[in-house]
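Chains, contacts and geometry: an overview
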Amino acid sequence: MKDGKHNSALGAAYAATRPDEVAAIYDSWAETYDADMSAAGYRHPTICLALLARHLPRGAEPLLDAGAGTGLIGEWLAITGYPQVEALDISQGMLDKAAAKGVYAALHRLALGGALPFANGAYAGIVSAGVFTSGHVGIEGLDELIRICRPGGVIVLTVKNTLWQAGFDDRIAELEAQGAITRVEETRPYASMPGEADTVPSRGLVLRVGKVQQGS
């Protein structure tokens, strides 16, 4: 599940109204996804990796790659010193590609936006690149990520400007006021795919989870 407007597959994913539609689109795109995104100059994984490494100690585990796709970040996490990473994605086809890279400790075919079958504080860190975007996941997906990240852990995510301006920023402020999170870094808006025209900018966020957990 990624951000951008590289081709008709992603355009269709943006327009999808049901999770099964999104999953089918990515299933059919999995074979060429890595090459397509490389050609578009896709930046989210690199930016998320840099933010994670700056705010989460090397060796912290386990991590969750929430919206892992074909595992672009998973390969780099293994190289940079995060030894136990699990993948979550809505598309089995994408997860099959991620599995073939041999860098994930577990793979979960799940959709973000509803309840997740993980314990409170299950993960030391969570990274979610290109997921909070049009037609994919909105603010409704954030509380569960906070719940399953342990106190003191970090969540690194990208948020498309359209979502940010439609209430995401307000919800972040509410969660900060509640003590659920601390916003430790926010990038300036950037184009996720500089090789594509008319890409709506996104921003990267690093949230440190506090003692107040959302949900049960």
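Before reading on, note that the structure itself is shown above.
What this report covers is the structure whose coordinates are included nearby.

Thresholds applied
Residues numbered from 1 in each chain as written. Predicted model: local features only at pLDDT ≥ 70, side-chain atom pairs only at ≥ 80, totals over all residues. Heavy atoms only, no water. Helix = DSSP H or I, 4+ residues; strand = E, 2+ residues; numbered from the N terminus. Buried < 20%, exposed > 50% of the residue type's maximum accessible area, 1.4 Å probe, protein only. Core = buried A, V, L, I, M, F, W, Y, C linked by side-chain atoms within 4.5 Å. Contact = heavy atoms within 4.5 Å. Expected span 1.5 Å × (residues − 1). Bend = angle between axes of the 7 residues up to and from the residue. Phe/Tyr/Trp six-rings, centres within 6.5 Å; stacked < 30°, edge-to-face > 60°. Polar contact = N/O pair within 3.5 Å; in protein donor to acceptor, adjacent residues only side chain to side chain. Pairing = 2+ DSSP bridges. Right-handed = clockwise from strand over helix to strand, strands pointing away.

Let's shift gears to the overall build of the chain. Counting its regular elements, the chain contains eight helices and seven strands. When burial is assessed residue by residue, the chain has 53% of its 216 residues classed as buried.

This part takes up unusual backbone geometry. Note the cis peptide between Glu 61 and Pro 62, where omega equals -10°. Note that Pro 62 resides in the loop between helix H4 (44-55) and strand E1 (63-66).

In this section: the nonpolar core. Ranked by size, the top nonpolar core spans 28 residues in total, and within it Ile 126, Leu 145, Ile 155, Leu 157 and Phe 168 carry the most contacts. Ignoring sequence-local partners within four residues, the contact set of Ile 126 consists of Leu 64, Ala 66, Leu 145, Ile 148, Cys 149, Val 154, Ile 155 and Val 156.

Turning next to helix H8 (residues 161-178). Along an α-helix, residues three or four apart share an orientation, since each turn contains 3.6 residues. The end-to-end C-alpha separation of H8 is 24 Å, in line with the 26 Å expected for 18 residues at 1.5 Å each. Taking the largest bend as the criterion, H8 deviates by roughly 60°, centred on Gly 167. The elements touched by buried residues of H8 are strand E4 (123-132), helix H7 (142-148), strand E5 (149-160), strand E6 (181-186) and strand E7 (202-209).

Quick look at the packing of aromatic side chains now. All told, the structure shown has three aromatic pairs when counted by the stated rule. Relative to Phe 168, the ring of Phe 132 has its centre 5.5 Å away and its plane inclined at 80°; by these criteria the two rings are edge-to-face. Pair noted here: Phe 132 is in strand E4 and Phe 168 is in helix H8, with a separation of 36 residues, a long-range link. The pair formed by Phe 132 and Phe 168 is uniform in burial state, with each residue classed as buried. Among the aromatic side chains, those forming a connected cluster through ring pairs are Phe 132, Trp 164 and Phe 168.

Time to look at the side chain of Arg 203. Secondary-structure assignment places Arg 203 in strand E7. Looking at Arg 203, its side chain comes within polar contact range of the side chain of Asn 161, at 3.1 Å. Aside from chain neighbours lying at most four places away, what touches Arg 203 is Leu 157, Thr 158, Val 159, Asn 161, Trp 164, Glu 186, Thr 187, Arg 188, Pro 189 and Tyr 190.

Taking burial as the measure, the five residues of strand E2 (residues 85-89) include five buried ones, the bulk of the element. Residues Val 85, Ala 87 and Asp 89 line one face of E2 and the alternating positions Glu 86 and Leu 88 line the opposite face, and both faces are buried. Two elements, E1 and E2, share four bridges in a ladder whose sense is parallel. By the bridge assignment for E2, Leu 64 is matched with Glu 86. In this region the chain leaves E1, passes through helix H5 (residues 72-80) and returns to the parallel neighbour E2; the handedness of that crossover is right-handed. Two strands pair when backbone bridges link them, and E2 and strand E3 (residues 106-109) are joined in this way by four bridges, in the parallel orientation. Paired with Glu 86 across the strands is Ala 106, a residue of E3. For the crossover that starts at E2, traverses helix H6 (residues 92-100) and ends in the parallel E3, the hand is right-handed.

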